[in-house]
Amino acid sequence: MKREIREDSTEPTIDLALWARTIWESRVLIIKIVAISIALGIIFALITPRRYTAKVILAPESSSSSSDIASAASMLGLSPLNLPRDNDALSVAIYPDIVASTPFMTELLKTPVQKVDSGQTITLFDYLQSVSGVQAEGEIDPLYLTKGQAKIVEFLRRALATSIDKKSGVTTISATFQDPKVAAIVARQATDKLRRYVTDYRTSKAEQELKYWQQLYKRRQQEYYEAQRSYADYVDANHKVTRQSIINERERLQNEKLLALQLYTTVATQMQMARAKVEEAKPVFTIIEPATIPLTPSSVGRVAMVIRFLIAGLAVAILWVLFGRDFLKCMRK
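Here's a quick rundown of the structure. (Residues numbered from 1 in each chain as written. Predicted model: local features only at pLDDT ≥ 70, side-chain atom pairs only at ≥ 80, totals over all residues. Heavy atoms only, no water.)

1. Things to note about the pattern of salt bridges
Here is the rule we go by: By definition, a salt bridge exists where a carboxyl oxygen of Asp or Glu is found within 4 Å of a side-chain nitrogen of Lys or Arg. Strands are runs of DSSP state E lasting at least two residues, helices are runs of H or I lasting at least four, and both sets are numbered from the N terminus onward. Using a 1.4 Å probe on the protein chains alone, a residue whose accessible area is under 20% of its type maximum counts as buried, one over 50% counts as exposed, and one in between counts as partly exposed.
The final tally for this structure, using the stated rule, is 7 salt bridges. Among the ionic pairs, Lys-277 bridges to Glu-209, the shortest N-O distance being 3.2 Å. Taken as a pair, Lys-277 in helix H9 (residues 244–281) and Glu-209 in helix H8 (residues 180–237) lie far apart in primary sequence, 68 residues in all. When its relative accessible area of 22% is taken as the criterion, Glu-209 is described as partly exposed.

Structure, rendered in structure tokens:
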């Protein structure tokens, strides 16, 4: 007696032959959908303007400033604790926020730009009005922007990007516009403006400290000169007197002069350190890659766009033939 073994399987199976036959029978419909997709791709490729991206790459700020100042301080006999600190200094991480801020954007809109095919110079604000179709008149005030001005600022904010490499701290500023020359000019101006902003901030903090030490230096200098003069006048007037009270007063004046000299010397040293800090605070950025006029567009090319539409149309046609029609029939029942 033969034993029969039955295997009941509930797993769905894929009939590739059936799929191939269905696709072949619906080839006319698929060709029509693909043709429509190609036509749409060509239309979009023709009406979509090309965009160009210019980039500037900046090296992270040098960290040798504090160590150099500390070394100079040790040579002068000062403790590093006496040196001014940079606890509130700008961090590289907030550079994108600075560039994207409204005051930064409104100031950048005043930049004169030139189109690659024209020698005419216009402001970036006027250029963005022409390419965006937004009309915004009147003087730009960062405190109060009209609706049109706000749209222009937002358009520029989308066109200008700042990224930070968290590991290396390298900063990249990129500008994307329809005109390659405008993109290069805006990227360069944004970089220069950011560099001036950060440098002015760092320098202003150091200059405030230097101004404080300079004022204190003048007071200590005047106090020392007065103590020196008082001591000299007293000694000249009583150089032949040997009374103990005269000797005690002379010693007191001499001690005041020495104390004033010590304070005067200490403040003078601190003032020199503050002046050195101002000089150390000036270099902030090192440009690794400057902005250049891009030769090729950064947006999707026209041929690539048509190919994408072709692939998308083919995928939609096949999915419709295999599943879409049956699903629609089931929904109608």
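2. Observations regarding helix H6 (residues 124–132)
Within the span of H6, buried status applies to Leu-124, Phe-125, Tyr-127, Leu-128 and Gln-129. Immediately downstream of H6, the backbone of Gly-133 shows phi near 75°, a positive value.

3. Some words on the packing of H6 against helix H7 (residues 147–159)
Selection rule: Axis definition: a line fitted to C-alpha atoms, limited for helices to the stretch in contact. Angles are taken between N-to-C directions and run from 0 to 180 degrees. Each angle gets one of four labels, with under 35 degrees taken as roughly parallel, over 145 as roughly antiparallel, 65 to 115 as roughly perpendicular, and the rest as oblique. Note on contacts: a residue pair is in contact if any heavy atoms of the two residues lie within 4.5 Å. Under the grouping applied here, Gly and all other residues not named as nonpolar or charged are polar, the nonpolar ones being Ala, Val, Leu, Ile, Met, Phe, Trp, Tyr, Cys and Pro and the charged ones Asp, Glu, Lys and Arg.
It is the contact of H6 with H7, at a shortest axis distance of 10 Å, that shows an interaxial angle of 90°. Classified by the angle between their axes, H6 and H7 sit roughly perpendicular to one another. On the side of H6, the interface is formed by Leu-124, Phe-125, Leu-128, Gln-129, Val-131 and Ser-132, while H7 contributes Gln-149, Ile-152, Phe-155 and Leu-156. Class assignment of the residues belonging to the contact of H6 with H7 gives a composition of 7 nonpolar, 3 polar and no charged.

4. A closer look at the sheet that holds strand E1 (residues 52–59)
Definition in use: Only strands joined by at least two bridges in the DSSP assignment are considered to pair.
Across the sheet, which stays open at both edges, the 4 strands sit in the order E4-E5-E1-E6 with antiparallel pairing between neighbours. Each having just a single partner strand, strand E4 (160–164) and strand E6 (286–289) make up the two edges of the open sheet. On average, adjacent strands in this sheet sit at an angle of 25° to one another, irrespective of strand direction. Note: E4 against strand E5 (residues 171–177), 5 bridges, orientation antiparallel. Its bridge partner lying in E5, Leu-160 is registered against Ala-175.

5. Comments concerning the packing of aromatic side chains
Under the convention used in this document: In summary, the pairing rule links any two rings of Phe, Tyr or Trp, Trp by its six-membered ring, whose centres are within 6.5 Å, and it sorts them by plane angle into stacked for under 30 degrees, edge-to-face for over 60 and tilted for everything else.
Per the counting criterion, the structure on display carries 6 aromatic pairs. With 5.6 Å between their ring centres and 10° between their planes, Tyr-224 and Tyr-264 make a pair best called stacked. Here Tyr-224 is found in helix H8, whereas its partner Tyr-264 is found in helix H9, with 40 residues between them in sequence. For Tyr-224, a relative accessible area of 12% corresponds to the buried category. Here Tyr-264 falls in the buried class, since its relative accessible area comes to 14%.

6. Observations regarding the packing of H8 against H9
Operational definition: For a crossing to be left-handed, the near helix must be turned anticlockwise from the far one by less than a right angle; the clockwise case is right-handed.
Where H8 contacts H9, the axes come no closer than 7 Å and their chain directions differ by 160°. In terms of orientation, H8 lies roughly antiparallel with respect to H9. For the pair H8 and H9, the crossing hand works out as left-handed. Counted by class, the contact of H8 with H9 contains 23 nonpolar, 8 polar and 11 charged residues.

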